[in-house]
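Results of the structural survey
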Amino acid sequence: NAERFFTSEETERIQQAVIAAEKNTSGEIVPMVVSVSGHYAEVELSALVVGLVLGSLAALIWHDPWGSVQAYLLWPALGAATGLLVASIPSVKRHLIHKDRVTEAVHLRSLAAFTAHGLHYTKAHTGILIFVSLLEHRVIVLADRGINEKVAPGTWDEVVRIVTEGLRSGDACRAFCSAIERCGAILAQFFPRSVDDKDELANNLIAER
């Protein structure tokens with residue numbers, strides 16, 4: 001659950017990291033974590049069908065001809081329920097989703113978040129989103145066109161690596177703070193903060209289901 005992924009203290013640390021990073025740049029850094037990027041209904045449906053088939057086979061194998069109809073129908077129902085239950089386990093579900101499907105879902109969710117939270121509305125188009133999707137174990141850094149016109153392609157791969165390694169090591173808060181600091185340093189080279197610069201976007205961590 002993204003809304004409970006960080007403690008209140010960690011959330012405050014991330015917010016302070018954003019404030020510190022933006023002191024030297026006119027860029028706007030937005031950290032965001034979501035529980036899941038797609039519904040993946042096909043996974044649950046497939047698990048239900050497989051469970052139903054296996055339950056039906058079990059009913060044929062172990063069917064008692066003197067038993068009740070209710071007992072015969074119990075096996076398929078139990079199989080379907082078990083299939084849905086197993087498919088709902090995050091670590092299992094993640095491996096049942098095709099990689100292309102994951103890539104598409106996370107990309108679309110990050111684009112939607114970029115728009116929904118107004119990163120494309122900054123004056124000089126210098127908004128940048130650090131996006132983490134927990135179920136899929138994916139990290140994306142999206143920068144607005146003002147940044148992409150000056151920053152070389154592949155620049156943000158380092159930031160993605162910082163966050164990814166932190167998530168793997170179990171220190172996501174430190175990783176987020178380090179990634180934010182690195183974004184601030186890169187942006188300061190191309191977009192130094194001016195005297196009349198205004199903070200256009202909120203500095204808090206965004207957490208959504």
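Above this text you will find the structure in question.
Below: a short report on this structure. (Residues numbered from 1 in each chain as written. Predicted model: local features only at pLDDT ≥ 70, side-chain atom pairs only at ≥ 80, totals over all residues. Heavy atoms only, no water.)

What about the packing of aromatic side chains?
For clarity, the cut-off: Two aromatic rings from Phe, Tyr or Trp, using only the six-membered ring of Trp, form a pair when their centres are within 6.5 Å; if the ring planes differ by under 30 degrees the pair is stacked, by over 60 it is edge-to-face, and anything between is tilted. Burial here depends on accessible area, computed with a 1.4 Å probe over protein chains only, as a share of the maximum for the residue type. Under 20% is buried, over 50% is exposed, and the range in between is partly exposed. Only DSSP runs of H or I covering at least 4 residues are called helices, and only runs of E covering at least 2 are called strands; the numbering of each starts at the N terminus.
Applying the stated rule across the entire model yields two aromatic pairs. Summarising the aromatic geometry, the rings of Phe5 and Phe6 are spaced 5.0 Å apart at their centres and angled 85° between planes, so their arrangement reads as edge-to-face. On the basis of relative accessibility, which here comes to 8%, the residue Phe6 falls in the buried class. Plain terms: the ring middles of Phe6 and Phe176 are 5.6 Å apart, the flat faces sit at 80° to each other, and that makes the pair edge-to-face. Of the two residues, Phe6 sits in the segment before α1 (8-21) while Phe176 sits in helix α8 (residues 172-190), which places them 170 residues apart along the sequence. Put simply, the rings of Phe5, Phe6 and Phe176 pair up and form one aromatic cluster.

Quick word on the pattern of salt bridges
How we decide: One side-chain nitrogen of Lys or Arg within 4 Å of one carboxyl oxygen of Asp or Glu is enough to make a salt bridge.
By the definition in use, this model includes six salt bridges. Residues Arg174 and Asp171 are paired through a salt bridge, measuring 3.1 Å at the closest nitrogen-oxygen approach. The class for Arg174 is partly exposed, based on a relative accessible area of 38%. As a salt-bridge pair, Arg193 and Asp197 come within 3.2 Å of each other at their nearest N and O atoms. Exposure remark for Arg193: the relative accessible area of 39% places this residue in the partly exposed category. Residue classification places Asp197 among the buried residues on the basis of a relative accessible area of 18%.

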